[in-house]
Every structure is written in structure tokens, then in C-alpha cells.
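Report on the structure
Below, each chain spelled out in residue letters.
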Amino acid sequence: ITAEELTKQTIDNIKAVDSDINAFINLDEDAAIEKAQAIDKAGIDPDNVLSGIPVAIKDNILTNGLTTTAASKMLENFKPIFDATVTKKLNDKQTITVGKTNMDEFAMGGSTENSAFKTTKNAWDFTKVPGGSSGGSAAAVAAGEILFSLGSDTGGSIRQPAAFNGIVGMKPTYGRVSRWGLIAFGSSFDQIGPLTRSVLDNAYVLNAIAGHDKHDLTSSDKEVPDYTANIKDGVKGMKIALPKEYLAEGIDQDVKDAILKAAETYKKLGATVEEVSLPHTKYGVAAYYILSSSEASSNLQRFDGIRYGYRSETAKNLEEVYVQSRSEGFGDEVKRRIMLGTFSLSAGAFDAYFKKAAKVRTLMIQDFQKVFKDYDLILGPVAPTTAYGIGEEVSDPVTMYLNDAMTIPVNLAGLPSMSIPAGFSNGLPVGMQLIGRPFDEATIYKAGYAFE
Ligand code: GLN
């Protein structure tokens, strides 16, 4: 098969399937086919597994010349004039970007229902949410629309939609992948990562996008190993920790059972699995929503009706340009975060909220450091439930926030974590996550591969 044939088939299939799934905001048909033709002409590189492979990219990652909206009215017509580093790296690997995927507006949410444009459906049940915020990226892969996609994860947005759709999603260590060209949400949390059908595919994609970038000073200059090299080594002798807080009340019995079964599988494969405690887990949600919203309120100041995107048509003076453009351009959830963030950073609230949350973050980092002295990996659920119904939770933000209790700690601590399928409950996929030491994605991939 040529790259052109594969790309055309992919696009035809997306056109046939996506009216049910709604995973895509934009397709880039002509450019994709042109690029595929160019790759065929140059010849597929047999040593490059990604050569000629179509990809879908979350719509908060910049793609030169291709509209990038962050699923916000604010950026509805925004055409970037450069590529994000990950986009460029994939282009250099001869992948073919066929389109941009739906998400919660500015990546704020866990169901993709906060998109200003459309409601993406779960690939297994069209009445259920696909998770979020990278819901489009996950549903597109699960529905067979695309071979792999990129998402971003600030508090679970790669892992939770991967779990809800029964696929593999990796949130790399903070600093492993450049954030240059990712529309910023919480800059000390955000990471880009791959969503794929298999663990091996995932490792191939991380190989391609990881590494230091002079445009992102928080990107690490640690060498990037070949994540596929030792992936088949197995888990014999590995020490896996099972935090009791991740199997506590409020988590569905089926989800717990799937995790305990996975623990048994790992024991059979030669690993040891033991219960541990991450005592500050219960403060994670509160700390995360204060800190990430504070960062968001600062990052989103740039959307002022002047420099980028939407400008109110009825504004009559400068003040109205700012206020009306932001009032009309941002959706409710984004406004909620901006208000929470600016409040937490205000002089009167800073000590009681922002500073307190920052201290909690340190305690949670220390919880993980203690466990990783003795263990190679932490195993746990991704979310307390499987995918819930569209419309069921979106009107209740606090319930939505509480669902993130087991993904958020990983971002607070900057750790790598991968969600992989761990079974089904009532016909819907259950996901488990494997959390690793900083920059030890390789061990996660090994254990994920052994389980798959
Ligand atoms: N659900 C979380 C939030 O709304 C995580 C989002 C994300 O990781 N981008 O903030």
C-alpha cells in the first residue's frame, strides 16, 4: 500500500464514520494527500515505522496553516503560522496529519462536552462520553478512524479518555516532550503524549516526539532512550505498588476488580505487588484545581480580543473590546477557571489558597518519592467509573472534578503514567494506569507490553 492509498482510505473512512463519532473538528484533506504523494515519490523509509502513517492531532497543538481552535469560539478562525515542536517532529518522521480532534475548550474538562463546537461520542457506546479533554483523539483511535493521535494531559486528559475508549494513552514525565506550540493551560502540569491501540505503537510515537527543545526551557536535556528496545523484557523481579487510596470508597466495584485482577496477572508474570499508601491523595483535587486554574488565568490573559482570535463586534471602546470579547469568546467552564484562578492569586486569598495548594503539591511529591524508593511502578485505576452518559455530569462541575482524583496526583508530581485497557464492565472499557519514576517511561512500557 502506498502512503497516498493509506491516506485516502483513512480520510474516506473518517468521512463515513465520523458523523457518528464527531471526533474531528477539522480535516486537512488536500494537504494530507499532497504530503502522502510527496512521501511516495521520495520513497518510504523502511527504518522509519512512522513513515507515511496518518495521524490526528488534538486541536490545542499548533499545526502550521491548519486551523487550531482549542475547541473555543475564541480561536475559531485561528490559523497558526508555525508548527508546535511535536508537529514538526512528526512531520520530520514523515507522518501525515489528516485532521484536528475535538476536546474540551482549552483542555478544561473530562468529557469533551465543553467543546464550543460539537459533542464527541464514546467509540463503544454513542450515548456515552468519550472522556476528556482529549476525547476526540481517543475516540478517533478507538473507532478505527486513525492509527494514532496526540493528546495533552494536564490532570488526566490523555489517560482518562484512553481508559473510557479502551486504548493506550501515555502522559510522559513533565519535561520529556516539548510544550512549544501547545496552547497553554497549566504550564507546570501540561504534557503532550501519544494515544494508540497498542503499547508498542505508543512507544514508537514517544520515540519520535520526546526530547529537548530550545523553545521550551522546561524540556529536559536527558537523553531519550529507544522505548521499544527492551519492551519485551517482561516484569520478572519488578516491584509494583498498589496504593490503598486508589481502591477506596467511591470507586466502582468492577473497576476495583479489574485492578486487582491486573495485580494477580503481574504476580503470575513474576512481579511482586504490594499495598502502599499515598496519604495525601485526598487533597489532590483541591490543590490541582487551585494551581491549574491560577496558571490558566494567567495563560489566558493573552486572549484579549486584540492579539488573537475573536473580537466582539459590538465593542465601542478599549475596555469593551477586552470585556466583551472575553465574555463572548470563552465558554462557561473556562470562565469558571479564570475566576477561580484570579481569586486564588489575589492578594487577600493567595496565602490561604495558592500557597497552601503549592505546599500540598510538595507533600504529594514526597508521598511518591517514598514509594519509589522501594517500588518500580505504581498500579491503579484511571477513573472511578467507566464512561458515563452524555449530559449526565456536565452540569455538576464539582462531581466532574472529583473524578480526576487518581490522575491529578501524577501531574502534580510531574510523573509519567500510561493508561492501558484492563477489561470491561457492562460492555464499556475499564482502564488501569501504570505510574513510573520520573523519566522512566521505559519501565512503564515494559510492564504495559507484558500485560497486553
Ligand atoms: N479534567 C481535568 C481538568 O478539567 C484535566 C484536564 C486536562 O488534563 N487537560 O482540568
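Residues numbered from 1 in each chain as written. Predicted model: local features only at pLDDT ≥ 70, side-chain atom pairs only at ≥ 80, totals over all residues. Heavy atoms only, no water.

Examining the overall build of the protein chain
Helix and strand counts for the protein chain stand at 14 helices and 11 strands. Seen through its principal axes, the protein chain has C-alpha atoms that stretch 65 × 65 × 45 Å. Here the protein chain, with 452 residues, has 58% of them falling under the buried criterion. In the protein chain, 74% of the contacts between residues at least 6 apart in sequence involve partners at least 24 apart. Here the protein chain has roughly 17,800 Å² of accessible surface; of this, 52% comes from carbon and sulfur atoms. (Helix = DSSP H or I, 4+ residues; strand = E, 2+ residues; numbered from the N terminus. Buried < 20%, exposed > 50% of the residue type's maximum accessible area, 1.4 Å probe, protein only. Contact = heavy atoms within 4.5 Å. Areas by Shrake-Rupley, 256 points an atom, 1.4 Å probe, with all protein chains shown as cover.)

Structural notes on the sheet that holds strand S10 (residues 417–425)
Strand order in the open sheet made by the 11 strands is S1-S3-S2-S4-S6-S5-S10-S11-S9-S7-S8, with mixed pairing throughout. Only two strands of the sheet have a single partner each, and these edge strands are strand S1 (24–27) and strand S8 (272–276). Within this sheet the neighbouring strands show an average axis-to-axis angle of 30 degrees, counted without direction. Pairing between strand S5 (residues 168–171) and S10: three bridges, direction antiparallel. Across the sheet, the residue bridging to Gly-169 is Ser-419, located in S10. (Pairing = 2+ DSSP bridges. Axes fitted to C-alpha atoms, helices over the stretch in contact; angles between N-to-C directions.)

Topic: the side chain of Lys-446
By the secondary structure assignment, Lys-446 is in helix H14 (residues 441–451). The buried charged residue Lys-446 lacks any salt bridge, with Asp-233 as its nearest oppositely charged partner at 4.4 Å. Once residues within four sequence positions are removed from consideration, Lys-446 is found in contact with Asn-230, Ile-231, Asp-233, Gly-234, Val-235 and Met-238. (Lys, Arg positive; Asp, Glu negative; His and termini not counted. Salt bridge = Lys/Arg side-chain N within 4 Å of Asp/Glu carboxyl O.)

Regarding empty space enclosed by the protein
One pass over the structure, following the stated rule, counts two cavities of 30 Å³ or more. Estimates place the volume of the largest cavity at around 110 Å³. Along its surface, the largest cavity is lined by 16 residues, and Gly-109, Gly-155, Ser-157, Tyr-288 and Asp-404 are the ones closest to its centre. In this structure, the second largest cavity encloses a volume near 40 Å³. Residue assignment for the lining of the second largest cavity shows that the elements contributing at least two residues are helix H5 (159–165) and strand S11 (428–436). Among the elements that make up the lining of the second largest cavity, the one with the highest residue count is S11 (three residues). Here the residues of the lining of the second largest cavity are counted per class, giving seven nonpolar, three polar and no charged. (1 Å grid on protein atoms, 1.4 Å probe; cavity = no way out; pocket = protein on both sides within 12 Å on 5 of 7 lines; lining within 4 Å. Points joined across faces, edges and corners; volume = space filled by probe spheres on them. Nonpolar A, V, L, I, M, F, W, Y, C, P; charged D, E, K, R; others polar.)

Overview of the pattern of salt bridges
Under the criterion given, the structure shown has 14 salt bridges. The partner of Asp-304 in a salt bridge is Arg-307, and the shortest N-O contact between them spans 3.3 Å. The salt bridge involving Glu-333 is made with Arg-336; its shortest N-O contact spans 2.2 Å. Of this pair, Glu-333 and Arg-336 both sit in helix H10 (residues 332–345), three residues apart, which is roughly one turn of that helix. Among the charged side chains, a salt-bridge network with shared partners connects Glu-333, Arg-336 and Arg-337.

What to know about the UniProt feature "active site" (unreviewed entry) in the protein chain
With numbering matched to this structure, UniProt assigns "active site" (unreviewed entry) to Lys-58, Ser-133 and Ser-157. Spatial clustering of the annotated residues is evident: they stretch over 100 residues in sequence, but the largest pairwise C-alpha distance comes to 10.9 Å. The annotated residues that sit in the lining of the largest cavity are Ser-157. Topologically, Ser-133 is positioned in the loop between strand S3 (96–101) and helix H4 (135–142). Among residues more than four places away in sequence, those in contact with Ser-133 are Lys-58, Asn-102, Met-103, Asp-104, Ala-107, Met-108, Gly-109, Gly-110, Thr-112, Ser-152 and Ser-157. Since its relative accessible area comes to 6%, Ser-157 is described here as buried. (UniProt positions renumbered as here; feature names shortened; annotations may be inferred.)

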